[in-house]
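If you want the building blocks of each chain, they are given just below.
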Amino acid sequence: MTSKEKAKLIKQAGRLYLLGHTVEKHRSELRRLVEQKVPYDSPQMAEAFAKFEEADSEWKRLEQEHLDFRNRLGIKQDQLIE
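All values reported here derive from a predicted model rather than from experimental measurement.

Participant: Can you break down the environment of isoleucine 75 residue by residue, with the values?
Facilitator: Here isoleucine 75 lies in the segment after α2 (43-73). A residue is classified by how much of its surface remains accessible, and isoleucine 75, at 11% relative accessible area, is buried. Residues in contact with isoleucine 75, not counting those within four places in the same chain, are Met1, Leu9 and Arg70.

Next up, the structure:
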């Protein structure tokens, strides 16, 4: 693996990590609204759900891109980058 490929893998992993925190933040906001009994059809709930869905979709897209790149490089799931 070249240093550029290694750097790309690390960058992707970092982005996934940070995006995961964003997804969880939006999930927590949805949970909070549900616990406060905010109506599901309210603009506030719709906005919170849209933010969650956008972040979740981006996370899934980036995860698939990362997994495809790892497969192209022949890196197995349990293999560490050295």
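Participant: Requested: an account of helix α1 (residues 3-35), with residues and values cited.
Facilitator: Every α-helix winds through 3.6 residues per turn, so residues three or four apart in the chain are directed the same way. Taking 1.5 Å per residue, 33 residues should reach 48 Å; α1 reaches 48 Å between its end C-alpha atoms and fits that length. For α1, every residue scored as buried is listed here: Leu9, Gln12, Leu16, Leu19, Gly20, Val23, His26, Leu30 and Leu33. Tucked into the core, α1 has its buried residues touching α2. In the segment just after α1, lysine 37 is the residue with positive phi, at about 60°.

Participant: Requested: an account of unusual backbone geometry, with residues and values cited.
Facilitator: Here the phi dihedral of lysine 37 falls at roughly 60°; this positive angle occurs in a residue that is not glycine. The residue lysine 37 is located in the loop between α1 and α2 in this model. Given the relative accessible area of 71%, lysine 37 is considered exposed.

Reading the values: rules and limits
One numbering rule holds for all chains: residues counted from 1, following each sequence as written. Per-residue local features of the predicted model are confined to residues with pLDDT of at least 70, and side-chain atom pairs are confined, for both listing and counting, to 80 or more; whole-chain, interface and lining totals are unaffected and use all residues. Side-chain metrics in this entry use all non-hydrogen atoms of the structure; hydrogen atoms and water are not considered. Counting from the N terminus, the helices are DSSP H or I runs at least four residues long and the strands are E runs at least two residues long. For the exposure calls, accessible area comes from a 1.4 Å probe over protein chains only, and a residue counts as buried if that area is under 20% of its type's maximum, exposed if over 50%, partly exposed in between. The contact definition used throughout considers only heavy atoms, calling two residues in contact when any of these lie within 4.5 Å. Expected helix span is computed as 1.5 Å times (number of residues minus one).

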